[in-house]
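Chain by chain, the residues:
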Amino acid sequence: MSRVAVLLVVLVAGSGLGLWYFTKNAKPTTNTTTNATVNTTNAAPTLSDYRDTPTGFDIRYPSDWKKTEDTSGEGANAIRNIVFSGASDAVTITVVAASFEGIIRESISVQQETNITLNDVPATRLDAGSARDGSPKTVVLVKRGTTLISLNGHGPAFEQLLTTFRWPEPNTPVVPE
């Protein structure tokens, strides 16, 4: 199977896994009026740390989210998906060879491209519509050497997760915040 086909299958499977988890855990909404006193103190959610040992990047995600990982292929054709999913959100991180960048770009309908930094790490943000249904989608590409990390999602939880992404240079000690 060609690298293009393998990548597309993995990207679709990763996105499908996130969507499946979201719909499986979605709670039906009802319109109810309730009088209650609301505590306006905004407690920050508890975060868990994820450190990707093979590449050295780390990210923080809500502790109540589920994390799943899968890998397909070997060597330069390896595709690794890390999916973080909550009750109503999911973020997929895909780690591939840098040569897959064109394939990823072709798989979405890019509406805007912006060069950004994630904690001093250069990245490219692709705001797009899903090729499948046109729903909003953001892909952030981070490349170092022969490795490409693709962060996929949308919405406030995704934006919050992006603020915690770190990828120190090799042999640079990581100082906890």
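Now for a quick tour of the structure.

Cut-off values and rules
Residues numbered from 1 in each chain as written. Predicted model: local features only at pLDDT ≥ 70, side-chain atom pairs only at ≥ 80, totals over all residues. Heavy atoms only, no water. Core = buried A, V, L, I, M, F, W, Y, C linked by side-chain atoms within 4.5 Å. Buried < 20%, exposed > 50% of the residue type's maximum accessible area, 1.4 Å probe, protein only. Helix = DSSP H or I, 4+ residues; strand = E, 2+ residues; numbered from the N terminus. Contact = heavy atoms within 4.5 Å. Salt bridge = Lys/Arg side-chain N within 4 Å of Asp/Glu carboxyl O. Pairing = 2+ DSSP bridges. Axes fitted to C-alpha atoms, helices over the stretch in contact; angles between N-to-C directions. Polar contact = N/O pair within 3.5 Å; in protein donor to acceptor, adjacent residues only side chain to side chain. Phe/Tyr/Trp six-rings, centres within 6.5 Å; stacked < 30°, edge-to-face > 60°.

**Regarding the nonpolar core**
Part 1: With 22 residues, the main nonpolar core has Phe57, Ile93, Val142, Ile149, Leu151 and Phe165 as its most contacted residues.
Part 2: Only strand 2 (58-62), strand 4 (79-85), strand 5 (90-97), strand 7 (121-129), strand 8 (136-144), strand 9 (147-153) and helix 3 (156-162) provide two or more residues apiece to this core.
Part 3: In this structure Ile149 touches Thr55, Phe57, Ile93, Thr94, Val95, Val140, Leu141, Val142, Phe165 and Trp167, once residues within four positions along its chain are discounted.
Part 4: Listed in part, the 12 residues of the second largest apolar core include Ile79, Phe100, Ile103 and Leu148.

**Looking at the pattern of salt bridges**
Pairing between side chains of opposite charge can happen when their charged atoms approach one another.
Part 1: What the rule picks out here adds up to 10 salt bridges.
Part 2: Close ionic contact of Arg60 with Asp49 constitutes a salt bridge, the shortest N to O distance being 2.7 Å. Taken together, the residues Arg60 in strand 2 and Asp49 in strand 1 (residues 47-51) connect sequence positions 11 residues apart.
Part 3: Take Arg60: its relative accessible area is 32%, and that puts it in the partly exposed class.
Part 4: Looking at Asp49, the relative accessible area reads 59%, which means it is exposed.
Part 5: For the salt bridge of Arg105 with Glu101, the shortest nitrogen-to-oxygen distance reads 3.1 Å. Taken together, the residues span about one helical turn, with Arg105 and Glu101 both in helix 2 (residues 101-106) at a distance of 4 residues.
Part 6: Through salt bridges that share partners, Glu101, Arg105, Glu113 and Lys143 make up one connected network.

**Regarding the pairing of strand 7**
The two faces of a sheet get side chains in turn, since along a regular strand they alternate between them.
Part 1: Among the 9 residues in strand 7, 7 count as buried, and that is most of the element.
Part 2: Two strands pair when backbone bridges link them, and strand 6 (residues 109-118) and strand 7 are joined in this way by 9 bridges, in the antiparallel orientation. Bridge assignment links Glu113 to a residue of strand 7, and that residue is Leu126.
Part 3: Hairpin connection between strand 6 and strand 7: a loop of 2 residues separates the two successive antiparallel strands, and Asn119 in this loop has a positive phi of roughly 50 degrees.

**So, the sheet that holds strand 3 (residues 66-72)**
Part 1: Ordered in space as 3-4-5-9-8-7-6, the 7 strands form an open sheet in which the pairing is antiparallel. Because the sheet does not close on itself, it has two edges, and the strands there are strand 3 and strand 6. Taken over all neighbouring pairs, the strand axes of this sheet differ in orientation by 20 degrees on average, direction set aside.

**What about the side chain of Thr164?**
Part 1: In this fold, Thr164 is placed in the segment after helix 3.
Part 2: There is a polar contact of 2.8 Å between the side chain of Thr164 and the backbone oxygen of Leu161.
Part 3: In this structure, Thr164 is in contact with Asp58, Ile59, Arg60 and Asn119, ignoring residues within four places of it in sequence.

**So, the packing of aromatic side chains**
Part 1: Tallied over the entire structure, the rule returns 4 aromatic pairs.
Part 2: For the ring pair Phe57 and Phe165, a centre distance of 5.6 Å and an interplane angle of 25 degrees mean the geometry is stacked. Here the residue Phe57 occupies a position in the loop between strand 1 and strand 2, and Phe165 occupies one in the segment after helix 3, the gap between them amounting to 108 residues.
Part 3: Exposure remark for Phe165: the relative accessible area of 0% places this residue in the buried category.
Part 4: With 4.6 Å between their ring centres and 45 degrees between their planes, Tyr61 and Phe84 make a pair best called tilted.

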